[in-house]
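# Structural characterization, general
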Amino acid sequence: MKLFDRLRPAVLACLVAASALGSAPAAAETIVMASTTSTEQSGLFSHLLPAFKQASGIDIKVVAQGTGQALDTGRRGDADVLFVHDQAAEEKFVAEGYGVKRYPVMYNDFVLIGPASDPAGVKGKDIVEALKKLASANADFISRGDKSGTHAAELRYWKQAGLDGRQGNGYKACGCGMGPALNMASSTGAYVLSDRGTWLSFKNRGTLAILVEGDKRLFNQYGVMVVNPAKHPHVKAAPAQKFVDWIISPAGQQAIAGYKIDGQQLFFPNADQ
């Protein structure tokens, strides 16, 4: 038998394997998004990102942080796109050249959570008056203390109450995300400011309930920005912009509106504002 005839099966097997490798689909492109713990812990991204992947073929790796940390991640060039909720800080980020452009995406609101028995008597619609009562009573209050969008809003409300730095002896900063802060409040019977989305998805409520809601000052706007490749040339600006374009499109906005827990809508699209 000729040598080639003896080797022919092995040669054919190698050719088949090479053909299979050549026809294997290319790996999906991946971008990094730095975002808030509220968008992650509310379950919103588990709802949105598969829809974006189906529409674009792009995978997104989410780094969930407080908004301040997410913005710092963008400043270092360690993310391609940011999805956060502190409008003043976002506009500063763009003005400093770290972001290409800020786009409004959606909103929800903050709520003051506390024991249903409400020992400090804060229940109502006025967040500033509620904080005054908490400080006066030295009530236990868990602050995120993490430079997040929620923490920035909380500090703004204390300042509006004239109590910046004078929140009472029960005030404790955990330096943690929204979920852990709610867990601490639940286990200690403390008050805490939360975004509504994370609260609606929170399962360990114990005796906690919403005590203050409906104040227009509790409005919570989210924005999205591509990190500027002029600052960090390695940033994947093109696929990041594809996400921005999708999330502010009718398809993306409908996906946001369609996310509900127990029939309650968590976020409200407003990219066209």
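Notes on the structure follow. (Residues numbered from 1 in each chain as written. Predicted model: local features only at pLDDT ≥ 70, side-chain atom pairs only at ≥ 80, totals over all residues. Heavy atoms only, no water.)

Let's shift gears to the overall build of the protein. When you go through the protein residue by residue, the secondary structure sums to eleven helices and twelve strands. What you see for the protein is a C-alpha radius of gyration of 24 Å, clearly larger than the 19 Å of a compact globule of 273 residues, by over 25%. Within the protein, the fraction of its 273 residues that count as buried is 48%. Sequence separation of 24 or more characterises 75% of the internal contacts of the protein that already satisfy a separation of 6 or more. Only carbon and sulfur atoms are counted for the fraction: they give 55% of the accessible area of the protein, which is about 12800 Å². Charge-centre separation for the protein: the mean point of 29 positive side chains lies 3 Å from the mean point of 25 negative side chains. (Helix = DSSP H or I, 4+ residues; strand = E, 2+ residues; numbered from the N terminus. Rg over C-alpha atoms; globule rule 2.2 N^0.38 Å. Buried < 20%, exposed > 50% of the residue type's maximum accessible area, 1.4 Å probe, protein only. Contact = heavy atoms within 4.5 Å. Areas by Shrake-Rupley, 256 points an atom, 1.4 Å probe, with all protein chains shown as cover. Lys, Arg positive; Asp, Glu negative; His and termini not counted. Charge placed at Lys NZ, Arg CZ, Asp CG, Glu CD.)

We now examine the pattern of salt bridges. Within this structure, the stated rule accounts for 13 salt bridges. Residue E90 pairs with R102 through a salt bridge whose shortest N-O separation is 2.6 Å. Of this pair, E90 sits in helix α5 (residues 87-95) while R102 sits in strand β4 (residues 99-115), and the two are twelve residues apart along the sequence. Among the residues examined, R102 registers a relative accessible area of 15% and is labelled buried. (Salt bridge = Lys/Arg side-chain N within 4 Å of Asp/Glu carboxyl O.)

Before going further, it helps to examine unusual backbone geometry. The phi torsion at K147 lies on the positive side, around 60°, for a residue other than glycine. With relative accessibility at 66%, the residue K147 sits in the exposed group. Residues other than glycine seldom take positive phi values, yet D262 does so here, at roughly 50°. Here D262 is to be found in the loop between β10 (260-261) and β11 (264-265). Under the relative-accessibility criterion, D262 is labelled exposed at 73%.

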